[in-house]
Amino acid sequence: NAGVTQTPKFRILKIGQSMTLQCTQDMNHNYMYWYRQDPGMGLKLIYYSVGAGITDKGEVPNGYNVSRSTTEDFPLRLELAAPSQTSVYFCASSFHRGGGANVLTFGAGSRLTVL
Amino acid sequence: DQQVKQNSPSLSVQEGRISILNCDYTNSMFDYFLWYKKYPAEGPTFLISISSIKDKNEDGRFTVFLNKSAKHLSLHIVPSQPGDSAVYFCAATLISGGYQKVTFGTGTKLQVIP
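What you see is a predicted model; the values in this text were computed from it and never measured.

**Student:** Help me out: how do you make sense of the overall build of chain A in this one?
**Tutor:** Helix and strand counts for chain A come out as 0 helices and 11 strands. Each helix and strand of chain A, ordered N terminal to C terminal, gives the series β-β-β-β-β-β-β-β-β-β-β. In terms of overall dimensions, chain A is globule-like: its C-alpha atoms have a radius of gyration of 14 Å, near the 13 Å expected for 115 residues. Along the three orthogonal principal directions, the C-alpha set of chain A runs to about 45 × 30 × 25 Å. As displayed, chain A offers around 5,300 Å² of accessible surface, 53% of which is attributable to carbon and sulfur atoms. A distance of 7 Å separates the average location of the 10 positive side-chain charges in chain A from that of its 7 negative side-chain charges.

**Student:** Looking at this structure, I do not really get the state of the cysteines. What am I missing?
**Tutor:** Two cysteines joined by a covalent bond between their sulfur atoms form a disulfide. Residue and element names in this part refer to chain B. The final tally for this structure, using the stated rule, is 2 disulfides over all chains. Each sulfur of the disulfide joining C23 and C90 lies 2.1 Å from the other. Of note, the bridge from C23 to C90 carries an S-S torsion of about -75 degrees and is left-handed in sense. Of the two residues, C23 is situated in strand 3 (residues 19–25) and C90 in strand 9 (residues 86–96); the sequence distance between them amounts to 67 residues. What makes C90 buried here is its relative accessible area of 0%.

**Student:** Is there a simple way to explain the environment of I46(A) in this structure?
**Tutor:** All names here are of chain A. Along the chain, I46 turns up in strand 5 (residues 43–51). For the pair I46 and L21, spaced 25 residues apart in sequence, the C-alpha to C-alpha distance is 13 Å. Those residues within four positions of I46 in sequence are excluded, and the remaining contacts are W34, Y35, R36, K57, G58, V60, P61, Y64, L76 and Y89.

**Student:** Please clarify how the sheet that holds strand 8 (residues 76–78) of chain A should be interpreted in this entry.
**Tutor:** Hydrogen bonding along the main chain pairs the strands of a sheet, whether they run parallel or antiparallel. Residues and elements named next belong to chain A. Across the sheet, 4 strands lie side by side as 1-3-8-7; this open sheet has antiparallel pairing. A strand with exactly one partner marks an edge of an open sheet, and here the two such strands are strand 1 (4–7) and strand 7 (64–66). In this sheet, neighbouring strand axes are inclined to one another by 20 degrees on average, regardless of whether the strands run parallel or antiparallel. Where strand 3 (residues 19–25) meets strand 8, 3 bridges bridge the pair, whose relative direction is antiparallel. The residue of strand 8 that forms the bridge with T20 is R77.

**Student:** Looking at this model, I keep getting lost on the pattern of salt bridges. Mind explaining?
**Tutor:** According to the stated counting rule, one finds 4 salt bridges over all chains in the structure shown. Ionic pairing is found between E79(A) and R77(A), a salt bridge with its closest N-O pair at 3.3 Å. We classify E79(A) as partly exposed; its relative accessible area is 36%. Between K37(B) and D84(B) there is a salt bridge, with the nearest N and O atoms lying 3.9 Å from each other. Remark: D84(B) occurs in the loop between strand 8 (72–77) and strand 9 and K37(B) occurs in strand 4 (residues 32–38); sequence separation between them is 47 residues. The network of salt bridges with common partners includes K37(B), R61(B) and D84(B).

**Student:** Explain the pairing of strand 10 (residues 99–104) of chain B to me, please; I cannot follow it from the model alone.
**Tutor:** If a strand is regular, its side chains alternate between the two faces of the sheet. Among the 6 residues that make up strand 10 of chain B, 5 are buried, leaving the element largely enclosed by the rest of the structure. Two successive antiparallel strands, strand 9 of chain B and strand 10 of chain B, enclose a turn made up of 2 residues, where G97(B) displays a positive phi of approximately 65 degrees.

So, how was this worked out
Residues numbered from 1 in each chain as written. Chains lettered and ligands numbered in written order. Predicted model: local features only at pLDDT ≥ 70, side-chain atom pairs only at ≥ 80, totals over all residues. Heavy atoms only, no water. Helix = DSSP H or I, 4+ residues; strand = E, 2+ residues; numbered from the N terminus. Rg over C-alpha atoms; globule rule 2.2 N^0.38 Å. Areas by Shrake-Rupley, 256 points an atom, 1.4 Å probe, with all protein chains shown as cover. Lys, Arg positive; Asp, Glu negative; His and termini not counted. Charge placed at Lys NZ, Arg CZ, Asp CG, Glu CD. Disulfide = S-S within 2.5 Å. Buried < 20%, exposed > 50% of the residue type's maximum accessible area, 1.4 Å probe, protein only. Contact = heavy atoms within 4.5 Å. Pairing = 2+ DSSP bridges. Axes fitted to C-alpha atoms, helices over the stretch in contact; angles between N-to-C directions. Salt bridge = Lys/Arg side-chain N within 4 Å of Asp/Glu carboxyl O.

Okay, structure coming up:
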């Protein structure tokens, strides 16, 4: 059982380049999330999805786009990379149908540097 | 606004002693509180949770205490082990727009000294 898989683990981009961070989960979770973690900061929510075909903005969505065409995949797109997007990105998923704590399963992270 | 705060960025504890990690929150509508543990180069992993209607939850060496009047929760690790050295994130959830929104604190780095 792989859980949440993110690729790539590391990437260096030049300002203005575009790229997609891939995320896939094999747990049939309905919720998926993208977070970024900057040094000394907590996890900030970029985008989330409550199911295939449904996405919504989190706290820091500017400069990013997402899609959720299947239950398993939730790619994060950076269209015009900027130095402010240098961060560690975490994809997560959870199964939540109301009631109980919403426990997230995280991927190992993708470290992105924009120069 | 930082609704979930971990005011201690780091903590050092001797092996075998108690580690106490603290978390404060501002929104009284949070319904669950969770602790996650993160090792370097890995994603956070779930450790323990507590419902807002409880004041204590225990799982092995880990106990979470919730003081709603003070809007404060703490994670106790007894006894502390070197393998507990990690960053610990406090998180809180509430239903917003039909979705259970999760808010994380900034983390506390725990070092357990052998």
